[in-house]
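Structural description and commentary
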Amino acid sequence: MAMTATSETTASPAADRRAAAHAFIAAQGRWRWPEAVFWLVAASTLVIFPHSLVLASQVLIAGLFALSLDLILGLGGIVSLGHAAFFGLGAYTAGLLAVHGWREPLTGLLAAGAVAGIVGFATSFIVVRLKGIALLMVTMGVALLLHEVAQKAHVITGGDDGLQGISMAPVLGLFSFDLYGRTAFVYTLVVVFLCFLVARRLYTSPFGLALKGMRENTRRLPAIGGSVRRHSALIYTIAAVIAGIAGGLLAQTTEFVSVEVLGFQRSAEVLIMLVLGGAGLLYGGFVGAAVFLVVRDLLASTNPEYWFFWLGLMLVLVVLFARNGLLGGAKALLGKWRRT
Amino acid sequence: MLLSLANILFNGVAYGMLLFLIAVGLSVTMGLMGFANLAHGAFAMLGGYVTATLMAKAGWPFLATLPAAFVLVAAVSLLLERTLYRRLYRAGELDQVLLTIGVVFMAVAGATYVWGPSQAPIRVPSYLTGTVAIGPFDWGVYRLFLIAMGAIVTVALIVGLERTRFGAMIRAAVDNPRMATGLGINVDRVFSITFMLGSGLAGLGGALGVNLIGLDPSFPIKYMVYFLIVVAVGGLGSIKGSLIAALVLGVCDVAGKYYLPDTGAFIIYGIMVSLLLWRPLGLFGRR
């Protein structure tokens with residue numbers, strides 16, 4: 001009797017607090033207009049730049065890959081130098097399925113995410129135990145191991161020549177992949193947007209909040225009854241699934257998998273894209289990927305050899321002067337402008 | 001069978017000594033100063049190019065270029081440390097990793113610009129080539145030279161750290177920086193000099209390595225993993241650990257290429273990952 005009485009009185013402090021918490025979580029998840037602008041711009045590429053759709057698809061895929069890294073770095077605070085492991089696993093899964101007759105894209109993509117997720121789950125137990133240099137070396141080591149396997153298993157993966165002979169069936173049996181990359185772009189956009197919704201939900205959920213708390217103060221989470229390792233392992237696995245889907249998208253839309261999908265360079269590049277855009281900001285990966293790939297595209301046509309130099313310089317400048325990346329810098333500027 | 005085994009062991013030890021020479025400086029920066037420096041290989045590459053250029057353009061004898069490689073690389077590293085690295089001593093390892101990857105990329109592009117993308121040619125003097133017969137085996141003279149250099153550096157490092165005043169200052173600064181400062185040791189300067197010495201050794205190693213593993217602008221990326229493995233497996237800041245890890249890595253690499261050429265570097269990465277799972281701080285890691 002007494003129980004029902006307290007829950008019915010809205011004036012009780014516990015209920016008030018709960019309502020405030022719900023309101024806070026809901027406010028976190030509210031959509032803001034720049035987000036709508038971002039996705040509208042992405043979609044309008046189809047009309048505005050019909051000749052750059054291949055590049056646009058690459059940006060979206062790289063952005064999704066960077067978003068998956070953002071989940072473990074920006075939310076979980078885990079620094080990984082081998083995130084390409086999951087991207088590559090997804091790419092090879094989707095590619096191998098297609099080569100061996102399973103040409104349906106959507107289920108292929110799910111399989112890519114599943115395989116990457118299983119390996120992510122298995123390695124997550126290792127990863128959450130380590131920190132510092134050992135963590136860097138082990139994440140890098142796992143990716144290097146897979147890279148070696150892919151390179152040496154020539155019969156299965158094509159080794160250094162890459163996996164050839166992928167051809168996809170039409171999406172949903174209706175839209176076949178065309179020469180101009182229109183279907184590939186729309187397919188990529190839709191898949192990336194769906195994955196983004198999942199990641200966004202994670203960011204704004206109580207689980208995401210717990211992770212942010214853990215990143216800021218590792219001792220506090222256990223103090224309020226959460227497990228650091230379990231939270232870290234879970235987000236690591238989810239990030240692996242999303243990275244696998246990104247890899248699968250690349251294999252399906254380019255109809256080719258090179259052994260480089262597992263390479264150290266890819267792991268380093270995705271880290272660079274994310275930091276360039278701004279880690280922990282949800283859209284940083286996309287912004288970074290867009291800037292990175294568009295600048296590379298422009299520079300590669302003039303002097304490809306020295307693209308590395310500008311990339312290196314960009315990194316040094318970001319680390320020294322813009323810790324929160326382009327997006328973080330823009331946000332800070334906007335905040336300043338609003339206050340004055 | 002015995003012959004090939006001895007041969008592999010000998011080649012592996014020589015290769016390991018080279019890895020040790022280059023990586024020991026990295027062990028110092030990562031272990032003592034807590035700085036994750038992925039650009040260490042760039043210092044080794046610079047040392048290699050100093051030697052190759054001095055020999056080809058200025059006609060210096062090979063042995064005379066080695067001290068030059070050491071000094072020049074040490075000077076360049078001091079410049080970088082003062083301008084870039086020291087700003088991030090207290091930052092997280094992510095920032096350090098990113099900054100040094102940036103330095104690597106710039107070094108690769110810079111080397112391509114100055115020295116071209118192809119292998120740097122080098123001709124070591126005739127008294128360092130060929131083989132000598134001792135006992136039942138033929139020993140490569142250059143590899144013997146490398147092993148001797150490695151041994152000299154090891155002894156010098158151990159004596160320097162344990163028996164000299166400056167060595168005592170380094171150990172004090174690492175063990176307890178605040179206390180060391182209180183005793184009047186300029187910790188900042190001690191670290192700078194240590195960093196310089198470590199990078200200089202990388203330069204020396206790079207110069208010695210041109211004849212064995214070659215030199216092109218991708219050197220810092222190609223061998224980065226190997227240097228990191230030596231440091232991580234050996235234990236940060238441990239000279240003994242780095243030496244043992246480098247020798248084991250050298251022998252495993254040569255043996256793996258000889259007996260199991262199909263597995264490539266798989267074994268090495270596998271050993272590294274499992275070792276770090278067993279001992280995250282490396283074989284001889286402290287703290």
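For clarity, every value in this text was computed on a predicted model and none was experimentally measured. (Residues numbered from 1 in each chain as written. Chains lettered and ligands numbered in written order. Predicted model: local features only at pLDDT ≥ 70, side-chain atom pairs only at ≥ 80, totals over all residues.)

**Some words on the overall build of chain A**
Broken down by element type, chain A carries 16 helices and zero strands. Here the C-alpha radius of gyration of chain A, 21 Å, is about what a compact globule of 340 residues would show, namely 20 Å. If you line up chain A on its principal axes, its C-alpha atoms span 70 × 50 × 45 Å. Considering only contacts in chain A between residues 6 or more positions apart, those separated by 24 or more positions represent 79%. (Helix = DSSP H or I, 4+ residues; strand = E, 2+ residues; numbered from the N terminus. Rg over C-alpha atoms; globule rule 2.2 N^0.38 Å. Contact = placed C-beta atoms within 7 Å.)

**A closer look at the overall build of chain B**
Across its full length, chain B holds 11 helices and two strands. What you see in chain B, going N to C, is helices and strands ordered as α-α-α-α-β-β-α-α-α-α-α-α-α. Taken against the 2.2 N^0.38 rule, which gives 19 Å for 287 residues, the C-alpha radius of gyration of chain B at 19 Å falls within 12% of a compact globule. Considering only C-alpha atoms, chain B reaches an extent of 60 × 45 × 35 Å along its principal axes. Taking all 287 residues of chain B together, 48% fall into the buried category. Summarising the internal contacts of chain B: among those between residues at least 6 apart in sequence, 77% fall at separations of at least 24. (Buried ≥ 20, exposed ≤ 12 C-beta atoms within 10 Å, placed from the backbone.)

**Observations concerning the interface of chain A and chain B**
Contact with chain A, which involves 30 residues of that partner, is made by 36 residues of chain B. Counting residues per element, the ones that place at least two in the side of chain A that touches chain B are helix H7 (132-152), helix H13 (264-277) and helix H15 (307-321) of chain A. Top element by residues in the side of chain A that touches chain B is H7 of chain A. It accounts for 14 residues. By residue class, the composition of the side of chain A that touches chain B is 23 nonpolar, four polar and three charged. (Nonpolar A, V, L, I, M, F, W, Y, C, P; charged D, E, K, R; others polar.)

**Side note on the nonpolar core**
Ranked by size, the top nonpolar core spans 200 residues in total, and within it Ile-242 of chain A together with Val-230 of chain B carry the most contacts. If sequence neighbours within four positions are ignored, Val-230 of chain B has contacts with Leu-19, Phe-20, Ala-23, Ser-242, Ala-245, Ala-246 and Leu-249 of chain B. (Core = buried A, V, L, I, M, F, W, Y, C linked by C-beta atoms within 7 Å.)

**So, the pairing of strand S1 (residues 131-134) of chain B**
All names here are of chain B. Direction of pairing for S1 relative to strand S2 (residues 137-140): antiparallel, over a ladder of four bridges. Opposite Ile-134, over in S2, you have Phe-137 as the bridge partner. Between the end of S1 and the start of S2, which pair antiparallel, lie two residues, with Gly-135 showing a positive phi angle near 65°. (Pairing = 2+ DSSP bridges.)

**As for helix H11 (residues 266-278) of chain B**
Compared with the 18 Å implied by 1.5 Å per residue over 13 residues, the 18 Å span of H11 of chain B between its first and last C-alpha is a close match. The set of residues buried in H11 of chain B consists of Ile-268, Tyr-269, Met-272, Val-273, Leu-275 and Leu-276 of chain B. Looking down the long axis of H11 of chain B, one finds its buried residues gathered within 165° of arc, a one-sided arrangement. Among the exposed residues of H11 of chain B, those oriented more than 90 degrees off its buried face are Ser-274 and Trp-278 of chain B. In the core, the buried residues of H11 of chain B are packed alongside H7 of chain A together with helix H9 (219-234) and helix H10 (239-259) of chain B. (Expected span 1.5 Å × (residues − 1). Arc of directions from axis to C-beta.)

**Some words on the confidence of the model for chain A**
Residues and elements named next belong to chain A. Here chain A shows a mean pLDDT of 85. Residues at 70 or above account for 96%. When mean pLDDT is compared element by element in chain A, helix H5 (residues 84-99) scores highest at 93, while helix H1 (residues 2-8) scores lowest at 47. Confidence over residues 1-7 falls short of pLDDT 50; this stretch has one contact with residues more than four positions distant or in other chains. (pLDDT = per-residue confidence, 0-100.)

**Looking at the packing of helix H10 (residues 206-216) of chain A against helix H12 (residues 228-254) of chain A**
All names here are of chain A. Running from N to C, H10 and H12 cross one another at 115°; their axes reach a closest spacing of 11 Å. The chirality of how H10 crosses H12 is left-handed. In this structure, H10 uses Ala-210, Leu-211 and Met-214 to contact H12, whose residues at the interface are Val-228, His-231 and Ile-235. For the contact of H10 with H12, the class distribution of residues is five nonpolar, one polar and no charged. (Axes fitted to C-alpha atoms, helices over the stretch in contact; angles between N-to-C directions. Left-handed = near helix turned anticlockwise from the far one by under 90°.)

**Describing helix H2 (residues 13-29) of chain A**
Over its 17 residues, H2 of chain A runs 24 Å from end to end, which matches the ideal 24 Å to within 8%, given 1.5 Å per residue. Within H2 of chain A, only zero of the 17 residues are buried, leaving the element largely exposed.

**Comments concerning the environment of Ser-242 of chain B**
All names here are of chain B. Following the sequence through the fold, Ser-242 ends up in helix H10. It is 9.7 Å that separates the C-alpha atoms of Ser-242 and Leu-26, two residues lying 216 residues apart in sequence. Leaving out residues up to four positions away in the same chain, Ser-242 has contacts with Phe-20, Ala-23, Val-24, Ser-27, Val-230, Val-231 and Gly-234.

**Topic: the packing of helix H3 (residues 62-83) of chain B against helix H8 (residues 187-213) of chain B**
Residues and elements named next belong to chain B. As a packed pair, H3 and H8 sit with axes 7 Å apart at the nearest point and diverge in direction by 140°. When the axes of H3 and H8 are compared, the pair comes out oblique. In the crossing of H3 with H8, the sense of the turn from one axis to the other is right-handed. Contacts from Thr-65, Leu-66, Ala-69, Phe-70, Val-71, Leu-72, Val-73, Ala-74, Ser-77, Leu-78 and Glu-81 of H3 reach H8 at Ser-192, Phe-195, Met-196, Leu-197, Ser-199, Gly-200, Ala-202, Gly-203, Leu-204, Gly-206 and Ala-207. (Parallel < 35°, antiparallel > 145°, perpendicular 65-115°, else oblique.)

**Things to note about the environment of Thr-188 of chain A**
All names here are of chain A. When you line up the elements, Thr-188 lands in helix H9 (residues 182-204). With 61 residues separating them along the chain, Thr-188 and Leu-249 place their C-alpha atoms 6.8 Å apart. For Thr-188, the residues in contact, after removing those within four places along its chain, are Ser-57, Leu-60, Ile-61, Leu-249 and Thr-253.

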